[in-house]
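Commentary on secondary and tertiary structure
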Amino acid sequence: MASPSKLQHLNVEKIRADFPVLDQEVRPGVPLVYLDSGATSQKPASVIEVMDRYYRTQNANIHRGVYKMAEQSTEDYEMARGKVAQFIGAAKPKEIVFTRNATESVNLVAYSWGRGNLNKGDVVVLTEMEHHANIVPWQMLAAEKGIRLEYIPVNDEGLLDMDALPGLLEMKPKLVSYTAMSNVMGTITPIAEITRMAKEVGAVTLIDGAQSVPHLPINVTELGVDFLVFSSHKMLGPTGLGVLYGREELLEAMPPFLGGGDMIKRVQLHEFSTNSVPHKFEAGTPAIAEVIGLGAAIDYLNAVGMDAIAAHDHELTEHALDRLAEVPGVWVFGPSAEHKSSNAAFTLKGAHPHDVAEILNREGVAVRAGHHCAMPVHEKFGVPATTRASFYLYNTKAEVDHFIEAIYKVKEIFG
Ligand code: C6P
């Protein structure tokens, strides 16, 4: 069990005071215990306020107007792009493309890079623990172009079977696309090793960082990864905004994804020329307030410190796993604590995962139940659904303990 002293990496009580939504009761006397940050994180007041201030004092479209508010909005939007670049260690702000979410970022790569570079028979390597967002776009491309999808297997422990990777790489895949952290099991995958091995055979690499970027520091330049996708809403930022990091050289060579305003340099009746990177991929009016909100979220994460957040989230996960192991009939999905963080999916003998979540809800505990948009990995373990608790910087050890007490109540009900 994690020692209480180690859990003092963060001043969680101070952090909690920054998140207005956490200070509520789901019914009189029953405080909210929010354990669903894997689905979406809560937002600190600084993010809410910056977006409120934007709409109250400055709302104007960007890259268009020459008046003061428009210039300020453009400056703030581009400044936030710089913050994102710095946060993930990108070499230049222009390597950051704003999309609607991580899902759209993968689709952008599949549609633009994939359509241009993949042909019949080409191999794309994924993993069996991917979220549907990193499976379905490639299946759609496979149907269109005849590419072959191969998967790094997940072993019985819930880890990637790295012994299978050399064999898959012998097929000379054009792309290796993999999650850095399972949204179900919390498994942390060896991204440095996979990226290095994939690059040795000349494959382009894409990391799905939707779950990892909020919890673990990353440096894309040091890793040498080609693409990284993630969502603002899981890292304290607003919904409706995703990020695609792409190495400049690749983005430059890729055709646009969507056509329209802002992504062009010149339009004539029968042809157009494209704007420079990253604007080439940001057609139409973007999510301006949301981008500025994400900038504030990154300021918040940086002020707390990503190393401290990573340590806190890991220790809370470890504590949850220790406590879950005490509960008879609970089966926790995936590897032991040393290989995972932030997400703990489980089943309880004799109770359907949705019923577990519903009874936990009565105790104030918000968790997610279902297949978590990762059906293949559930199928692999022969379960259609799990209940998932996920942890973030504002969660406490006491909340984890309350969650465990609530599971005992579920057990009482289901005998
Ligand atoms: N997982 C969960 O509860 P979007 O929805 O586009 O912001 O993120 C998609 C996505 C991609 N990859 C991984 C690893 C993810 O976990 C998610 C989103 C949420 O697990 C919603 S299904």
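Residues numbered from 1 in each chain as written. Predicted model: local features only at pLDDT ≥ 70, side-chain atom pairs only at ≥ 80, totals over all residues. Heavy atoms only, no water.

Details of the overall build of the chain
Our working rule: Strands here mean DSSP runs of E at least two residues long; helices mean DSSP runs of H or I at least four residues long; both are numbered from the N terminus. We compute the radius of gyration over the C-alpha atoms and compare it with the globule rule, which gives 2.2 Å times the number of residues raised to the power 0.38. The buried label goes to any residue with under 20% of its type's maximum accessible area, the exposed label to any with over 50%, and the partly exposed label to all in between, with areas taken from a 1.4 Å probe on protein chains only.
Summing up its helical and strand segments, the chain has 14 helices and 17 strands in all. Compactness check: the chain gives a C-alpha radius of gyration of 22 Å against a globular reference of 22 Å for 415 residues, within 12% of the reference. Structurally, the chain occupies a C-alpha span of about 70 × 55 × 35 Å along its principal axes. For the chain, the residues scored as buried account for 56% of the 415 residues in total.

Describing the site of the ligand
So the rule is basically this: For this description, a residue counts as near a given molecule or strand if any of its non-hydrogen atoms is within 4 Å of it. For this analysis, a polar contact is any N or O atom pair within 3.5 Å, provided that within protein one partner can donate a hydrogen and the other can accept it, and provided that sequence-adjacent residues contribute only side-chain to side-chain pairs. Calculation of accessible area relied on Shrake-Rupley with a 1.4 Å probe; when residues are assessed, cover is drawn exclusively from the protein chains displayed. Domain limits in this description derive from either an automatic procedure or a database domain assignment.
In the neighbourhood of the ligand, 18 residues make up the surrounding shell, with Thr103, Asp208, Gln211, Ser231 and Arg368 lying closest. Between the ligand and glutamine 211, the relevant distance is 2.7 Å, taken from an oxygen atom to a side-chain nitrogen or oxygen of the residue. Here the ligand, which alone exposes 510 Å², has 90% of that area covered by the protein. Counting residues domain by domain, the shell around the ligand receives three or more from each of domain 1 (4–37 + 305–414) and domain 2 (47–303).

Focus: the sheet that holds strand β17 (residues 386–390)
As a reminder, the rule being used: Strands qualify as paired when DSSP identifies two bridges or more between them. Axis definition: a line fitted to C-alpha atoms, over the contacting stretch in the case of helices. Angles run 0 to 180 degrees between N-to-C directions. Any two residues whose heavy atoms approach within 4.5 Å are treated as being in contact.
The four strands lie next to each other as β13-β14-β17-β16, forming an open sheet whose pairing is antiparallel. Sheet topology places β13 (330–332) and β16 (368–370) at the edges, where each strand pairs with a single neighbour. Strand-to-strand, the axes of this sheet are offset by a mean angle of 30°, without reference to chain direction. Across three bridges, the pairing between β16 and β17 is antiparallel. Residue pairing for β17: arginine 368 is matched across the bridge by arginine 388. In this fold helix α12 (residues 353–362) packs onto β14 (343–348), β16 and β17, with an angle of close to 40° to the strand it touches most, β17.

Structural notes on the environment of glycine 146
Within the secondary structure, glycine 146 is located in the loop between α5 (136–145) and β6 (148–152). Residue classification places glycine 146 among the partly exposed residues on the basis of a relative accessible area of 30%. C-alpha of glycine 146 to C-alpha of valine 21: the two residues are 125 residues apart in sequence and 48 Å apart in space. If sequence neighbours within four positions are ignored, glycine 146 has contacts with Lys120, Gly121 and Leu141.

A closer look at the domain arrangement of the chain
We count it as follows: Put simply, buried area is the surface a 1.4 Å probe can reach on two separate parts but cannot reach once they are joined, added for both. By definition here, a salt bridge exists when the distance from a side-chain nitrogen of Lys or Arg to a carboxyl oxygen of Asp or Glu is within 4 Å.
Taken domain by domain, the chain consists of domain 1 (4–37 + 305–414) and domain 2 (47–303). Taken over C-alpha atoms, the centre of domain 1 sits 28 Å from the centre of domain 2. Taken together, the contact pairs 36 residues of domain 1 with 36 residues of domain 2. Carbon and sulfur atoms make up 60% of the surface buried where domain 1 meets domain 2, a total of about 2700 Å² over both sides. Remark: the boundary between domain 1 and domain 2 carries one salt bridge. For glutamate 128, the salt bridge identified is with lysine 380, shortest N-O distance 3.0 Å. Counting the contacts that link domain 1 with domain 2 gives 19 residue pairs in polar contact (both at pLDDT 80 or more).

Focus on the pattern of salt bridges
Counted under the stated rule, the structure contains 20 salt bridges. Two residues, arginine 323 and glutamate 405, come together in a salt bridge whose shortest N-O distance is 3.8 Å. With a gap of 82 residues between them, arginine 323 in helix α11 (residues 306–325) and glutamate 405 in helix α14 (residues 397–414) connect regions that are remote in the sequence. When its relative accessible area of 13% is taken as the criterion, arginine 323 is described as buried. Assessed through its relative accessible area of 42%, glutamate 405 is described here as partly exposed. Sharing partners across several salt bridges, the network here consists of Arg323, Glu326, Asp401 and Glu405.

Things to note about the side chain of aspartate 313
What counts is decided by this rule: Neither His nor the chain termini are counted; the positive set is Lys and Arg, and the negative set is Asp and Glu.
With respect to the helices, strands and loops of the structure, aspartate 313 is situated in helix α11. Buried within the structure, aspartate 313 lacks any salt-bridge partner; its nearest side chain of opposite charge belongs to arginine 16, at an N-O separation of 11 Å. Polar side-chain contacts of aspartate 313 include one of 3.4 Å to the backbone nitrogen of leucine 393. In this structure aspartate 313 touches His215, Ser341, Ser342, Phe391, Tyr392 and Leu393, once residues within four positions along its chain are discounted.

Let's talk about the pairing of strand β5 (residues 123–127)
Note the following rule: Viewed with both strands pointing away, a crossover whose connecting path from the first strand over the helix to the second turns clockwise is right-handed.
Most of β5 sits out of view: five of its five residues are buried. Of the two faces of β5, the one holding Val123, Val125 and Thr127 and the one holding Val124 and Leu126 are both buried throughout. Pairing of β5 with β6, which is carried by five bridges, proceeds in the parallel orientation. Counterpart to valine 123 in the pairing with β6 is arginine 148. In this view, the connection linking β5 to its parallel neighbour β6 by way of α5 has right-handed handedness. The pairing of β5 with strand β7 (residues 175–179) spans two bridges and is classified as parallel. Across the sheet, residue valine 124 finds its bridge partner in β7, namely leucine 175.

Here's the deal with unusual backbone geometry
Cis geometry is found at the peptide bond from valine 277 to proline 278, where omega equals 5°. Checked against the element boundaries, proline 278 lands in the loop between β12 (272–274) and α10 (288–304). Positive phi, normally seen in glycine, also occurs at histidine 63, with a value near 55°. What makes histidine 63 partly exposed here is its relative accessible area of 29%. Despite not being glycine, serine 342 shows a phi value in the positive range, around 70°. By the element assignment, serine 342 lies in the loop between β13 and β14. By relative accessible area, which is 0% here, serine 342 ends up buried.

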